[in-house]
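Observations on chain architecture
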Amino acid sequence: MFSNGYLSGKRILVTGASSGIGRQVALVLSACGAKICVTGRDLERLHSVEKELYGEGHSVLCLDLNGSDAVTDAIRNDAEVSGAFWGVFHGAGISMVRPAKLCKEKQFHDVFSSSVQSAMAIARAVSLRGVLEDGGALVLMSSVASLRGQAGMALYSAAKSAIDGMTRSLAVEFAPRRIRVNSLCAGAVHTPMHEKLVSSLSAESVKEYEDKHLLGFGVPDDVANTVAFLIGEGGRWITGTSIVVDGGYTVR
């Protein structure tokens, strides 16, 4: 899709890189010439993804993205040792489908720490000189759940809405350094997380869900290519927005 020199020499941090969309983003960006630092909790899987990446100069940062100060410190330390990042894609997070009456404190903490708190911890790191290059980009994973209501999705929707709100304010805050901040509101994409979700549904329900996407369910490349565009020169004048990549789901 892009030239293998589109991101040549650029160092990019990809969270949630051990599977699904994060893994595909890492692969696509490495094919564009970027040096990828894959991040997640499972060291073995991260090393496996690292071996799949195109080119050389990639690295692994094993990290529990729970939103703690340790996340900020680890990213800052990595940049000090291995060099500043040009871009960050934050794709880590968990899905949650549960009616409000069953959402307790633990579920709230799990969803928000993996998505919102971890995004803010990354933003804190990005705000520090020497971590993200001036002119670089931060892309945060959101969801169409932030734009459309659905039963059982209140907690997940709230977290993704917080990501979109955070995106707009960070874009203003980082603009003096020309650092661009955007979020991606994705529809249903074929990933292990998605397959786990639909496996609990009847064939009729899955068909009804897919039909709500005018172009059908997506694949990880559909999101990864958008990330590449935003992080590279193609997205140089785009900031503070939530880009919808959903196969037409939000049109209906």
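For the structure itself, consult the block above.
I will try to describe carefully the structure that is included in this document. (Residues numbered from 1 in each chain as written. Predicted model: local features only at pLDDT ≥ 70, side-chain atom pairs only at ≥ 80, totals over all residues. Heavy atoms only, no water.)

**Here we look at the packing of aromatic side chains**
Each aromatic ring pair is described using two quantities: the centre-to-centre distance and the angle formed by the ring planes. The condition is simple: Centres within 6.5 Å are what make two rings of Phe, Tyr or Trp a pair, Trp counting through its six-membered ring; a difference in plane orientation under 30 degrees is then read as stacked, over 60 as edge-to-face, and the rest as tilted. We call a residue buried when its accessible area falls under 20% of the maximum for its residue type, exposed when it is over 50%, and partly exposed in between, using a 1.4 Å probe and counting protein chains only.
One pass over the full model with this rule turns up 1 aromatic pair. Between Phe-2 and Tyr-6, the aromatic rings sit 4.9 Å apart at their centres with planes inclined by 20°, giving stacked as the arrangement. For Tyr-6, a relative accessible area of 22% corresponds to the partly exposed category.

**Comments concerning the side chain of His-58**
We count it as follows: Helix numbers and strand numbers start at the N terminus; a helix is a DSSP run of H or I with at least 4 residues, a strand a run of E with at least 2. Side-chain atoms alone can form a polar contact between residues adjacent in sequence; in general such a contact is a pair of N or O atoms within 3.5 Å, and within protein one must be able to donate a hydrogen while the other accepts it. Every residue pair with non-hydrogen atoms within 4.5 Å of one another is taken to be in contact.
Within the secondary structure, His-58 sits in the loop between helix H2 (43–52) and strand E3 (59–62). Here the side chain of His-58 touches Ile-36 through a polar contact of 2.9 Å, landing on its backbone nitrogen. A polar contact is formed between the side chain of His-58 and the backbone oxygen of Tyr-54, at a distance of 2.5 Å. Beyond its immediate sequence surroundings of up to four residues, His-58 is in contact with Ser-30, Ala-34, Lys-35, Ile-36, Glu-50 and Leu-53.

**Considering the nonpolar core**
Inclusion rule: Only buried Ala, Val, Leu, Ile, Met, Phe, Trp, Tyr and Cys residues count toward a nonpolar core, and they belong to the same one when joined by side-chain atoms within 4.5 Å.
Counting 34 residues, the largest nonpolar core has Ile-75 and Phe-85 as its most contacted members. Contributing elements (two or more residues each) for this core: helix H3 (69–82), strand E4 (85–90), helix H4 (105–126), strand E5 (132–143) and helix H5 (154–174). Contacts of Phe-85, omitting those with residues within four sequence positions, involve Arg-11, Ile-12, Leu-13, Cys-37, Ile-75, Asp-78, Ala-79, Val-131, Leu-132 and Glu-133. Residues Ile-36, Phe-89, Leu-184 and Val-227 belong to the second largest nonpolar core, which totals 32 residues.

**Some details on the environment of Ser-200**
Mapping Ser-200 onto the fold places it in the loop between helix H6 (192–198) and helix H7 (203–211). We classify Ser-200 as exposed; its relative accessible area is 59%. Sequence separation between Ser-200 and Met-166 is 34 residues; the distance between their C-alpha atoms is 32 Å.

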